Amino acid sequence: MKRIFIATTIMATLGAAISLAACTPGARETPSTPANEDTTNYTLAPYPVTLRADASLERITAPQSGYFDTGSWQIADEASGERLITLALPGSNEVTAAHWRMGASRDADAISNCLTPPPNAHSQSTARIADHDFQVFTLGDAGMSHFQRVRGYRAVIDDTCYAIDLIVNGTRGEVYDPPREPPFSTEHAMQRLREINDGLSLQ
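All residue numbers here refer to positions counted from 1 along the written sequence of the relevant chain. In keeping with the predicted nature of the model, local features appear solely for residues at pLDDT of at least 70, side-chain atom pairs appear and are counted solely at 80 or more, and the whole-chain, interface and lining totals rest on all residues. Here the side-chain values reflect all heavy atoms present in the structure, with hydrogen atoms and water set aside.

Trainee: It is not clear to me how the environment of Ala-104 should be interpreted in this structure. Could you clarify?
Mentor: Strands here are runs of E lasting at least two residues and helices are runs of H or I lasting at least four, both read from the DSSP assignment and numbered beginning at the N terminus. Tracing the sequence through the fold places Ala-104 in strand β5 (residues 96-105). According to the relative accessible area criterion, Ala-104 is buried, its value standing at 0%. Between the alpha carbons of Ala-104 and Tyr-47 there is a distance of 8.0 Å; along the sequence they are 57 residues apart. To sort residues, take the accessible area from a 1.4 Å probe on protein chains only and compare it with the maximum for the residue type: under 20% means buried, over 50% means exposed, and anything in between is partly exposed.

Have a look at this one:
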């Protein structure tokens, strides 16, 4: 009888402790944030730039050429500069391709003209990226069944012109025989490219 009483007491005590832990707000353990295996970190030396981006994006290292854009360090590349990185959305092909590109320059002419939009561009409001204000512009072009849409960001930070260009370009699918569907819409691609900005850090 005594053993039954002791066992009952222990079970009641444990039950009360479990109930108290469940009811106490601070008693729940906050799960640690898991390491994100779906991102890639880039260090873009010699500039103080790091980028954390979706691992599904393809880094383009080979020289680029196209109907509108030559893969330079920025869309308007009258002054010298360096192309730091180009990332392509998965599925990009000859019908429609989407690229996130960043370039930088410490050239005096590049710095002087950094915030001047390219010809035929439309100036937009500023955007906050990596705790810095960037001037924004949009640009569109078309010709010979080809098209290009650009959203550009420019800022001068510590005597350096930084240029970020979101580029969607390609060929109208109906010119192929048989006609081809693009891998994604321009609007969807631009949204995905804008999200890459969130992973940028300028130290």
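Let's pick the thread back up.
Trainee: Looking at this structure, how should I read the sheet that holds strand β3 (residues 58-59)?
Mentor: Strands belonging to one sheet form pairs held by backbone hydrogen bonds; the direction of such a pair is parallel or antiparallel. Read across the open sheet, the seven strands follow the order β3-β4-β5-β9-β8-β7-β6; overall the sheet is antiparallel. Among the strands making up the open sheet, the edge pair consists of β3 and β6 (122-129). Two strands pair when backbone bridges link them, and β5 and strand β9 (residues 161-171) are joined in this way by 10 bridges, in the antiparallel orientation. When the sheet's bridge partners are listed, Ser-105 is paired in β9 with Cys-161. Sitting on the sheet, helix α3 (residues 186-196) touches β4 (82-88), β5, β8 (146-156) and β9, and the angle it makes with β9 is about 155°. Only when DSSP finds a minimum of two bridges between them are two strands counted as paired. Residues are treated as being in contact if the distance between any of their heavy atoms lies within 4.5 Å. Axes here mean lines fitted to C-alpha atoms, for a helix over just the part in contact, with angles spanning 0 to 180 degrees between N-to-C directions.

Trainee: Could you clarify how one ought to interpret the pairing of strand β1 (residues 39-43) in this entry?
Mentor: Within a regular strand, side chains alternate between the sheet's two faces. Pairing of β1 with strand β2 (residues 49-54), which is carried by five bridges, proceeds in the antiparallel orientation. The residue of β2 that forms the bridge with Asn-41 is Arg-52. Between the end of β1 and the start of β2, which pair antiparallel, lie five residues.

Trainee: Please explain unusual backbone geometry as it appears in this structure.
Mentor: Negative phi characterises most residues that are not glycine, and trans characterises most peptide bonds. In this model, Ala-45 is joined to Pro-46 through a cis peptide bond whose omega is 10°. Looking along the chain, the bond that leaves Asp-177 and enters Pro-178 is cis, with omega of 0°. Turning to its location among the elements, Pro-178 is positioned in the loop between β9 and α3. Its identity as a non-glycine residue notwithstanding, Asp-159 has a phi of 60°, on the positive side. Residue placement: Asp-159 occurs in the loop between β8 and β9.

Trainee: Quick question: what am I supposed to make of the sheet that holds strand β10 (residues 200-202) here?
Mentor: Read from one edge of the open sheet, three strands run β1-β2-β10, paired in antiparallel fashion. The sheet terminates laterally at β1 and β10, the two strands that pair on one side only. Recorded for the sheet is a direction-independent mean angle of 10° between the axes of neighbouring strands. Here β2 pairs with β10 via three bridges, running antiparallel. Paired with Leu-51 across the strands is Leu-200, a residue of β10.

Trainee: When you look at the packing of aromatic side chains in this model, what are you seeing that I'm missing?
Mentor: Working definition: an aromatic ring pair is given by the centre-to-centre distance plus the angle between the planes. A pair of aromatic rings is counted whenever rings of Phe, Tyr or Trp (Trp by its six-membered ring) have centres within 6.5 Å, and the orientation is called stacked for planes under 30 degrees apart, edge-to-face for over 60 and tilted otherwise. Considering all chains together, one arrives at one aromatic pair under this definition. Look at Tyr-47 and Tyr-162: their rings are 6.3 Å apart centre to centre, the planes differ by 75°, and that puts the pair in the edge-to-face class. Of the two residues, Tyr-47 is situated in the loop between β1 and β2 and Tyr-162 in strand β9; the sequence distance between them amounts to 115 residues. Take Tyr-47 and Tyr-162: they sit in the same class, and that class is buried. A cation over an aromatic ring shows up here: Arg-180 above the ring of Tyr-176, its NZ or CZ 5.0 Å from the ring centre. Lysine NZ or arginine CZ positioned within 6 Å of the ring centre and within 35 degrees of the ring normal marks a charge as sitting over the ring.

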